[in-house]
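Here are the chains, one letter per residue:
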Amino acid sequence: MNGRVLFAWAVHLYTALGLVCSAAIVVLIVRGDDVAFRTAFFLMMVATAIDATDGWLARQARVHEVLPHFDGSELDNLIDFHTYTSLPLLLIWRAGILPESLAWLLLLPLLASAYGFSQVNAKTDDGFFLGFPSYWNIVAFYLYALHAPLWFSAPVIVVLSILTFIPTHYIYATRGGPFSRLINIGAVVWFVLLALVLLGREPVAHLAALVSLAYPTMYLVLSAVVTVQKRAAAN
């Protein structure tokens, strides 16, 4: 086995570390205390960082050429569905963010994400997601960290589930495209703030959570700007 093959398999192993994170997250969610939930969110951050960097590594290793019989994108999608959707939704349920009588609402994002992940054009060639890109790990984080009331958390879950089916453009920053540099730089600052939320104590953690909301807000606003621009250009 030559060096190129070893490098390619190493990249796939790096991607698979997200699955290891998933296994640990399940154990933590089952444990079900505040420390476990915070650790689970930290591992979701680790899985997100892996997902944001493994594509670049795969391109450097030319994995499609070196290992044409193994599809790393399928492995990536398998892991992403767990770390971005199923496990964050399980945490929302386990943490009691929704009352038992409304727990069925979590089926909406679960099914919506299954639809989104299965779409052939879910990711465009020019650096966008079409439809809300199943960032349920982020939704779960803020609903938990900010102790969101039911009147807020339930509508957010329903509305974002619906937005999965609406083909508006959301920036896919690791693929380039408009505002990608700003989004990527902002992500570094955002991750630092999230660490303060998970490791800090009140009221610092709560304040850091509120400040960190500026990043996902910026992401949504810039994505909306791109959508408007594309529709205007099409007309």
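Just so it is clear, the model here is predicted, and its values are computed rather than measured.

Draft legend 1. The arrangement of the overall build of the chain in detail. Tallying secondary structure elements over the chain gives ten helices and two strands in all. Along the chain direction, N to C, the helices and strands of the chain fall in the order α-α-α-α-α-β-α-α-β-α-α-α. Compactness check: the chain gives a C-alpha radius of gyration of 18 Å against a globular reference of 18 Å for 235 residues, within 12% of the reference. Viewed in the frame of its principal axes, the chain has a C-alpha envelope of about 55 × 50 × 35 Å. Evaluated residue by residue, the chain yields a buried proportion of 44% over its 235 residues. Within the chain, contacts between residues separated by at least 24 positions form 79% of all contacts whose residues are at least 6 apart in sequence. Only carbon and sulfur atoms are counted for the fraction: they give 71% of the accessible area of the chain, which is about 12,500 Å².

Draft legend 2. Representation of the environment of Ala10. The residue Ala10 is located in helix α1 (residues 3-31) in this model. Look at Ala10 and you get partly exposed, because its relative accessible area is 41%. When the C-alpha positions of Ala10 and Ala61 are compared, they lie 9.3 Å apart, and in sequence the two are 51 residues distant.

Calculation notes
Residues numbered from 1 in each chain as written. Predicted model: local features only at pLDDT ≥ 70, side-chain atom pairs only at ≥ 80, totals over all residues. Heavy atoms only, no water. Helix = DSSP H or I, 4+ residues; strand = E, 2+ residues; numbered from the N terminus. Rg over C-alpha atoms; globule rule 2.2 N^0.38 Å. Buried < 20%, exposed > 50% of the residue type's maximum accessible area, 1.4 Å probe, protein only. Contact = heavy atoms within 4.5 Å. Areas by Shrake-Rupley, 256 points an atom, 1.4 Å probe, with all protein chains shown as cover.

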